[in-house]
Every structure is written in C-alpha cells, then in structure tokens.
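Geometric and topological summary
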Amino acid sequence: MQEVQERASVSPLELFFDLVFVFALTRVTDLMAVETTAANVLRAALVMAVLWWSWVGYSWLWNLVKADEGIASVVLFCAMGAVFVTALTIPEAFDDLPGGLPGPVVFALGYFVVRLLHLVMFWIISTEDPQLRRQVIRFAPSMVAGTVCLLIASQLTGAAQIALWAAALVGDYLGTLVGGAEWRLNSVSHFAERHGLIIIVALGESVVSIGIGVAALPISWAIIVSSLLGLAVSGLLWWSYFDVTSTAVEHAFESATGARLIKIAQHCYTYAHLPMVFGIVMMSLGLKKVISYAADGNHHRLTDPLYGWPLVALLGGAALYLLALVYFKAYPTGSLTMSRIVTAAVLVALVPVLWHVPALATLGTLAAVLVAMVGYELWRFADPREQIRHGEREQAP
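Read on for a plain summary of the structure. In this text, all values refer to a predicted model and were calculated from it rather than measured experimentally.

**Side note on the overall build of the protein chain**
Secondary structure assignment for the protein chain yields 15 helices and zero strands. At 21 Å, the protein chain has a C-alpha radius of gyration in line with the 21 Å of a compact globule built from 397 residues. The principal-axis extents of the C-alpha atoms in the protein chain amount to approximately 65 × 60 × 35 Å. Residue burial in the protein chain is summarised as follows: out of 397 residues, 54% are buried. Considering only residue pairs separated by 6 or more positions, the protein chain has 81% of its internal contacts joining residues 24 or more positions apart. Only carbon and sulfur atoms are counted for the fraction: they give 68% of the accessible area of the protein chain, which is about 16,200 Å².

**A few points about the pattern of salt bridges**
Between side chains of opposite charge, a pair can form as their charged atoms come close. Applying the stated criterion across every chain, the model contains seven salt bridges. One salt bridge connects R194 with D18, and the closest N-O pair in it is separated by 2.7 Å. Of the two residues, R194 sits in helix α7 (residues 188-214) while D18 sits in helix α1 (residues 12-34), which places them 176 residues apart along the sequence. Each of the two residues, R194 as well as D18, counts as buried. Linking R340 and E377 is a salt bridge whose minimum nitrogen-to-oxygen distance equals 2.9 Å. Of the two residues, R340 sits in helix α13 (residues 338-353) while E377 sits in helix α14 (residues 359-380), which places them 37 residues apart along the sequence. Judged on exposure class, the residue R340 and its partner E377 are both buried. In this structure, a network of salt bridges that share partners links the residues E14, D18 and R194.

**Remarks on the side chain of S73**
Among the secondary structure elements, S73 is positioned in helix α3 (residues 71-88). What S73 contacts, discounting residues up to four positions off in sequence, is L13, A67 and D68.

**Here we look at the side chain of D18**
Of the residues examined, D18 reaches a relative accessible area of 1% and is grouped as buried. At 2.8 Å, the side chain of D18 and the side chain of W55 are in polar contact. Residues in contact with D18, not counting those within four places in the same chain, are W55, R194, I198 and V201.

**Describing the nonpolar core**
By size, the foremost hydrophobic cluster in this structure holds 127 residues, and its most contacted members are V47, W52, W62 and W165. With 15 residues, the top contributor of residues to this core is helix α2 (residues 38-61). If near-sequence neighbours (up to four positions away) are discounted, W165 is found in contact with L46, V47, V50, A93, F94, F107, L150 and A153.

**What to know about the packing of aromatic side chains**
The full count for this structure, using the stated rule, is 22 aromatic pairs. Members of the aromatic cluster, joined through ring pairs, are W60, F122, F139, W183, F191, W238, Y241, F242, F253, Y269 and F328. Over the aromatic face of W123 sits the side chain of R133, whose NZ or CZ is 3.6 Å from the ring centroid. The aromatic ring of F381 is capped on one face by R380, whose charged end is 5.2 Å from the ring centroid.

Scoring rules and cut-offs
- Per-chain numbering applies: the sequence of each chain, read as written, is numbered from 1 onward.
- Local features in this predicted model are restricted to residues of pLDDT 70 or higher, and side-chain atom pairs are both shown and tallied only at a pLDDT of 80 or more, whereas totals for entire chains, interfaces and linings draw on every residue.
- Calculation of side-chain values draws on the structure's entire complement of heavy atoms; hydrogens and water are dropped beforehand.
- Only DSSP runs of H or I with at least four residues qualify as helices, and only runs of E with at least two residues qualify as strands; both kinds are numbered from the N terminus onward.
- For this measure, only C-alpha atoms enter the radius of gyration; the expected value for a globule follows 2.2 Å times N^0.38, where N is the number of residues.
- Buried means the residue's accessible area, taken with a 1.4 Å probe over protein chains only, is under 20% of the maximum for its type, while exposed means over 50%, and partly exposed covers the values in between.
- Contacts are residue-level and defined by heavy atoms, with any inter-residue pair within 4.5 Å sufficient.
- Calculation of accessible area relied on Shrake-Rupley with a 1.4 Å probe; when residues are assessed, cover is drawn exclusively from the protein chains displayed.
- Whenever a carboxyl oxygen of Asp or Glu lies within 4 Å of a side-chain nitrogen of Lys or Arg, that contact is scored as a salt bridge.
- What qualifies as a polar contact is a pair of N or O atoms within 3.5 Å, subject to a donor-acceptor requirement within protein and to the restriction that residues adjacent in sequence count only when both atoms come from side chains.
- In these notes, a set of buried Ala, Val, Leu, Ile, Met, Phe, Trp, Tyr and Cys residues joined through side-chain atoms within 4.5 Å is what counts as a nonpolar core.
- When two rings of Phe, Tyr or Trp (its six-membered ring) have centres within 6.5 Å they constitute a pair, described as stacked for plane angles under 30 degrees, edge-to-face for angles over 60, and tilted for the intermediate range.
- Over a ring means this: the NZ of a Lys or the CZ of an Arg is within 6 Å of the ring centre and within 35 degrees of the ring normal.

Function-wise, these values are silent; they only describe arrangement.
Here it is as structure tokens:
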C-alpha cells in the first residue's frame, strides 16, 4: 500500500465512491417525501447520520493510504457495494415491506460490513504505528456498540427502535469525540478537498431533484421560474462555502499541528459537515415540493402555499446549513460570521410568516434573503476577501 503524500489530490476512485453516496442522499430525500411528517424527518435524520458515519470514516482512511492502489482499492469497492445495498434498503430501514428479505436487518448488516471493512483496514495500516494502533483500539468499542444497537433495533418497532438508533449514533459519535486525538492525517489539502467535494455532491443532488421533477413535462413559465430560483438557491449555498470560507478554514487547518490538527479535522469536517449535508437534503425536499406545484399545470396550484414540514425543510434546511458553516469557520479561526447567524434567524422567523404564502413566492423569498446575505458579505468584507483569495492568509467570511 502506498501512503498519501502531503499535497495529494482526491483520486478518481474516491469520486466514484461518492457516486454511491449521491444515490444514498436521493433515497434520504425520498424517505421524507413519501410522507412528510415529523416522524419521517426524524427517521431521515437518523439514516443520514448513519450514512455520514459510513462515508466519513473512509475520508480518514484514504488520507493515509492511496485508495486506488493494491488491496485498498479492493476494500473500497467492497465498501461501495455495502453502502449501495444499505442505500437501496433505506425505505425499509425502519419498517419492513411485504415480501423479500427483512429490510431493517439488511440495512443494519450493510452498515456493519461498511464499518468492519473500515476497522480492518485501519488495523492493517497501523501494524507498524503503535500510536495509531492504540487509537484504533480505543475507537473499536464504540463502533461495535453502534452496529450491535442497529442490529437489535432491526428487531424492534416504534419508540424502542428509534431509541436504539439514537443510542447507536450517540455511542459512535461520542466514542470518537472522547477517544483521543492520536489519529493520523497525511494531507490537509486532500482532507479538505474530500469534504468540499461532498458538499458539491449534496448540492448536486438538490439540482438533480429539481430536474427530475420536471424532466417529462412540457416546459412552462412556472417551471422555468421555479427551476431557476431553485438553482439560484443551490448556487448561493455553494458560494457561501467555497468563495472564501473553505479557504479560510483550510489555511487555519494547514497552520495547526499535533492534537490541534486532529481536533480541527474532527470538529470542522467530520462533525460540522453532517448538518451541512443534512441541511441541503432537507432543502431538497422543500425544492421538490415547490417544483411539483409549478409542474402541476393547474393554474390554481401555483397559488397553493408551502406549509408544514416541507416549508420547515426548505427554510430550516438552509438555516441549518448556514449555522453549521458558522461553526465550521469559528472553531479554527475564532471568528463568528454574524451575517450568517442573522440570516439563519431570519429564515427561521419567516416560517410562520410564509405559512400561507404561495410556494413559488416562498422560494423567491429564500433566494432573495440569500442574495442579500451574499451581497452584504461581498461589500462588508471586500478587502479581507481579496487578501485571502489572492494574497495574504487573513480571516474573511
């Protein structure tokens, strides 16, 4: 196995692995869309957290050894297969459908295989690294406990099932958080790029959800306007991450050493990117609902309001994304981007205000709020933005 070098880039095979994750994200959105209730949103959040933990472990692993060399590539393809089966089973992750294999068990076993391959690979590469081996040993119990909880949950229903799912995730996440900072990172640029690409993957899923909803329908002005507004919202969220914020965080990341380096990797990337991705998935649900109104062909449908959980998902998902971005930047730099906190608060406050407003107007309002935020930041932070993009490494929004 070949080690990843300091200035390595993400390999094509890792990008291929992400294609499976794209499919998984669409399944999470579909899980909420079939019946948009509080219970289904909670289930989707739990599934999203499990999928994220499946993906993020490999972002650490492939930062140490090249994913497209030797046995590592074999492990990646096997993990890809397990993630794909897990994604296929998402509609049955909690309630088994008639006929076929027991869905909750297949989901839990798929997750178990993904985690087991990850742990075995880490065990192999830590053979001559006692410090990393100790870290893997500390990490293993939480992994085992989490997968066992999911297997037990597959035999239950209702509140008990949800409780065990939550216990599995809490054990996994807390186990990693308190398990120490003796992990290894060979390439900061590779790790940051890996997580930036997954944001693009998630935003790409939101764009796909727009296109699929109207692909087989005759074009109309309502479809054009709603699609362009949805694309604008996705683009503005992309801008808020990639224009300056990701670069500012990466600069602080590169300057860190020792335990501080690992803590930034955990807090900013492993933890903060989960609410970002889930926020995008929630927003995709709201976009699908708005697009469905525009594509209906019924003039009166265009005046129907977006309300309930679809409205909460649209505005709340964008707010969750922005707040996660604030933490993403604040942890390594110590600087809070107040414009994004205010914007998130405005979006949450708009939920009851827009409850009876036509869906298309609600989407337009979301786009307008995000345009105002980005416009303000471009004006207010023009000089530091220029410095961090083209000159010295100073903080910017």
